[in-house]
Structures are given as structure tokens and as C-alpha cells.
Amino acid sequence: MANTIQAIRGMKDILPGESSSWQYLEDTLRGVVHAYGYREIRLPLLEKTELFRRSIGEVTDIVEKEMYTFDDRNGDSLTLRPEGTASCVRACMEHGLLHNQVQRLWYMGPMFRHERPQKGRYRQFHQIGVEAFGLEGPDIDAEMLMMTARMWKQLGISDVVLQINSLGTPRSRASYRAALVDYLAGEKSSLDEDSLRRLESNPLRILDSKNPDMRQLIEAAPSLPDYLDDDSRAHFEALCLLLDAANIGYEVNPRLVRGLDYYTRTVFEWVTDSLGAQGTICAGGRYDGLVEYLGGKPAPAFGFALGLERLLALLATGGATLPDNAPHIYLVLNGDKAVHRGLVFADELRDVIPGLRLLANCGNGSFKSQFKRADKSGAQYALVIGDDEAEQGNVVLKPLRSESGQKVYTQEETAKRLLDLLELERTA
Ligand code: HAM
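Before going further, it helps to examine the sheet that holds strand β8 (residues 251-252). Taken in spatial order, the eight strands line up as β1-β5-β6-β11-β10-β9-β7-β8 in an open sheet, and their pairing is mixed. The open sheet has two edge strands with one neighbour each: β1 (39-40) and β8. Across five bridges, strand β10 (residues 280-286) lies against strand β11 (residues 301-307) in antiparallel orientation. In the sheet register, Ala 283 faces β11, and the bridge partner there is Ala 305. Set on the sheet, helix α1 (residues 16-35) makes contact with β5 (103-112), β6 (124-133) and β11; between it and β5 the angle comes to about 160°.

Given below as C-alpha cells:
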């Protein structure tokens, strides 16, 4: 027999038993972004490779090592999006959404990075991203961070810490970069291989090194905040005051630099200790130069993205019970007349009970086997119609999760009875 084909490493199926947790998470987060007046933008999964090279940066890990890039049938180089910000900027520019306007947008969907898969790190993963264009003050930075804090609150997540930093303007960053290269060049013999490579191409990323042998060297390096320009410092201080006023706790981490090149001024990460090595659940910052860099009129911008797989894992470590979307009712149908009447009756119930989840038995089967299926479906109640009930216009209602006995109702009474029962459940 031929080998069966399996999914690509690092790309996970989301199985029926998991999808309701995803829906719960997506619905909750969608509710939060809508509460702040953001509107959805839907973007293609494929873009021209050039877009990511230019926006994320040639010498970042993503562009150097992680993109799924291929030539299409016309010979154009295309890339599966590794993130959403670049596409969002491209789409806004292409459709004239940035001209003298403020835009507050969000998107959701899969991203692709050819990283080494491990717990919390996948090659296809899912983000919700939020971007605001046309606002340069620290108020939008603060509002977005408040939005993230509200997300954690709504999800019942508390073991996360907000780290913030300012990268300054490209100019102040350049003077910091020069000082850092000076310092590191004097310590070349202590640099690991990765850092030696980055010394030329992207020295700020050395600050991000996870190698414990490098820790001391990094601790003693020049500090980014000492090189901040006055405007960036004022912006950062104003942001801190706004966060204080909103009662949002944070740690200033002067070594936080982020792995994408487009950031200016504020950068942040929400991190947790509960997930092992992949502890960043949400990250972003300001990218005031990107629109102009990609050929548009200058437009300040701020945004972030959160990783849905990591958030779900965090919810699981907290022992949260997530809704499972099991049907409320399993409809047992025994006999031809019962099937004829029952399928129509099921739709009548769906008409009058909004939100009802009713799973009707198909494929016949004895009462016993149908009750087994009913039990397995997770339904709270069975409705039972045999040929006798079909003829008499009756239905038997049987609780599946309690000892209380079954009762017979007319088909007209059933909807009202179910409305009462399900309403009772909702408010209990
Ligand atoms: P990022 O830090 O590359 O930023 O990704 C944001 C989040 O996506 C991470 O904090 C993490 O939760 C999740 N994530 C990233 N890579 C993986 C992976 N391989 N497996 C699972 N989860 C992952 C961005 O993507 C920026 N576009 C954020 C942004 C929006 N900045 C401004 N606007």
C-alpha cells in the first residue's frame, strides 16, 4: 500500500474537538477590537516577495531564513505572508486609505514562517493583528495597550507582563547603533557565531541573544535610552503616564528591540513564564517610517499582533473551561413516518429558537444505537419521535445528563418548553 500523505511539519490541523475553543477565542478578541471601533480588513495570503524584503528588512531572521518563497507560473517571486503588517500597509496605500485619514484596522488569519517547530512555534500559525494609521501621539500607543490588557481580562488571563521600550527615531537609533558596534567590536573574541554575523548586518539584534554566555557582555553594553532624541523621550514618558493613568502595569526593558526592522519609537511585548521558551503572546509597536519607505506619503502608524496558538495554550495552562459548541438537542427518529415528520419538525424548531443547536439523527438505527449517538454528541436533551408520536403529533423529551424522567409534549408545546429549559441553562 502506498504511504499515506501527512500534513507538512509545523502545520497543524485544527480538529473538530478543538475548533470551538478557537471560535471562542476569535469571537472574544473580535468583540474587543470592535469595542474600540476598529474595522476588519481581509488580505491575501500571497504577496510579492519584494514587499516583505523591503518592509521586514533584508537582514532579519524572517527574510533571511524563514519565508516560504517560490516562483509562480509567470516566474514572479511570491511569498506566503510571514506577518500581516506589510500587506496591510500595501493594501491601504493601493486603495488610497491613508490619504489625510485615520484608519483603525484589524485582520485575522494564518501566517507562515519556516522556523524550527516546537511547542508554541509553528510553520503555519494564526495571528490577530491590529493597526492604526495617521496618529502620531502616544495616546494611540496607550489605547492599543489598553485594548490588549482588556483582551487578557476578558479571557481571564493574568500571568502576563507588559514590557515596553523606545527605539527612538532612525537617526537616534543610528547613533546608538554606532556606539554599540564600537563596544562590541572591542569584545569580538567573546561574541558567539550568530552575533559576529549580526555585528555587521543587524547589531541591535545581538541584544536579543538568548545565549547565556553572552548575557554579561550584553548587560554591560551601551544602553539604548541614553541615545534617545528629545521628542522620542517625551513620547515615551507621555506613554508611561497614560499607562499609569489606565492602571496598566509595565516593565521598561531597554534591551527590547524586536525582530522586524520597521519599528520606530515605542515597541512592546506581552510575555508569560507559563509557556516555556515561546513566551511572547503579543507584540508590536510604532512604525512611523514604513508607509513612506514603501513609496507612500508619510503616515505614522502603530500596531501589534497576537499569536492565537500561544493564547490557547495559555488558556489551557490556566485550566479554563472553554465552550464546546455541543448540540443542545439530539433528535432521535425511529421509523419512516418519524423521519418524514422529524426533519421538518427540526427545522420548525430552528425557526423559532434562535441559536438552537439541534442534531437530527440520520441513517436510522435502533433506539439503543441512536441514544448512544445522542450521548456521544454531548447534547443535554434528546427529543424522540417514533412512528406513533409522528402520527399523534407528539414528542418525547428526555434529559440526557440528569436522572429526571422523560415527558411527552405535543409538537406545538415543545418549542416553548425548550425555550424555557435552554433559557434556564443560560442564566443558571
Ligand atoms: P511578531 O513578533 O513577529 O510580530 O509576531 C507576533 C506574535 O505572533 C508573536 O508574539 C507570537 O505570539 C506569534 N508568533 C510569531 N511567530 C510564531 C510562530 N512561528 N508560531 C506561533 N506563533 C508565532 C509581527 O508579526 C508584527 N506584524 C506585529 C505588528 C503589527 N507590529 C506592528 N503591527
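Relative to the helices and strands, Asn 334 resides in strand β12 (residues 329-334). Overall, the relative accessible area of 25% leaves Asn 334 in the partly exposed class. Residues within four places of Asn 334 in sequence aside, it is in contact with Gly 365, Ser 366, Phe 367, Gln 370, Ile 385, Gly 386 and Asp 387.

The next point concerns the site of the ligand. Taken together, 25 residues lie near the ligand, and Glu 83, Thr 85, Glu 115, Glu 131 and Tyr 263 sit nearest. Here the ligand, which alone exposes 660 Å², has 96% of that area covered by the protein. Only β6, β10 and β11 provide two or more residues apiece to the shell around the ligand. Sort the elements by how many residues they give to the shell around the ligand and β10 lands first, with five residues.

To continue, consider the domain arrangement of the chain. Taken domain by domain, the chain consists of domain 1 (16-168 + 228-317) and domain 2 (329-427). When each unit is reduced to the centre of its C-alpha atoms, the spacing between domain 1 and domain 2 is 46 Å.

Tallied over the full model, the rule gives seven aromatic pairs. Ring geometry for Phe 133 against Tyr 287: centres 6.1 Å apart, planes inclined by 85°, an arrangement best described as edge-to-face. Of this pair, Phe 133 sits in strand β6 while Tyr 287 is found in the loop between β10 and α10 (290-293), placing the two residues 154 residues apart along the sequence. Its relative accessible area of 0% is what places Phe 133 among the buried residues. Residues Tyr 262 and Tyr 287 carry aromatic rings whose centres are separated by 5.4 Å and whose planes lie at 55° to one another, so their mutual orientation is tilted. You can see Tyr 262 sitting in the loop between β8 and β9 (264-271) and its partner Tyr 287 sitting in the loop between β10 and α10, a full 25 residues away along the chain. An identical accessibility class is assigned to Tyr 262 and Tyr 287; each is buried. Cluster of aromatic residues (ring-pair linked, three or more members): Phe 133, Tyr 262, Tyr 263 and Tyr 287.

Let us look at the pairing of strand β14 (residues 381-386). A large share of β14 lies buried, amounting to six of its six residues. By the alternation rule, side chains of β14 split into Tyr 381, Leu 383 and Ile 385 and Ala 382, Val 384 and Gly 386, which are all buried. Where β12 and β14 come together, six bridges link them in parallel fashion. For Ile 329, the partnering residue across the bridge sits in β14 and is Tyr 381. By the bridge criterion, four bridges tie β14 to strand β15 (residues 394-399) in an arrangement that is antiparallel. Of the residues in β15, the one forming a bridge with Tyr 381 is Pro 399.

For helix α9 (residues 230-245), spanning 16 residues, the distance from its first C-alpha to its last is 23 Å, which sits close to the expected 22 Å at 1.5 Å a residue. Against α5 (138-155), β7 (161-166), β8, β9 and β10 lie the buried residues of α9. Residue Asn 247 follows α9 closely and has a positive phi angle near 60°.

Cut-offs applied
Residues numbered from 1 in each chain as written. Predicted model: local features only at pLDDT ≥ 70, side-chain atom pairs only at ≥ 80, totals over all residues. Heavy atoms only, no water. Pairing = 2+ DSSP bridges. Helix = DSSP H or I, 4+ residues; strand = E, 2+ residues; numbered from the N terminus. Contact = heavy atoms within 4.5 Å. Axes fitted to C-alpha atoms, helices over the stretch in contact; angles between N-to-C directions. Buried < 20%, exposed > 50% of the residue type's maximum accessible area, 1.4 Å probe, protein only. Near = heavy atom within 4 Å. Areas by Shrake-Rupley, 256 points an atom, 1.4 Å probe, with all protein chains shown as cover. Domains from an automatic or database assignment. Phe/Tyr/Trp six-rings, centres within 6.5 Å; stacked < 30°, edge-to-face > 60°. Expected span 1.5 Å × (residues − 1).

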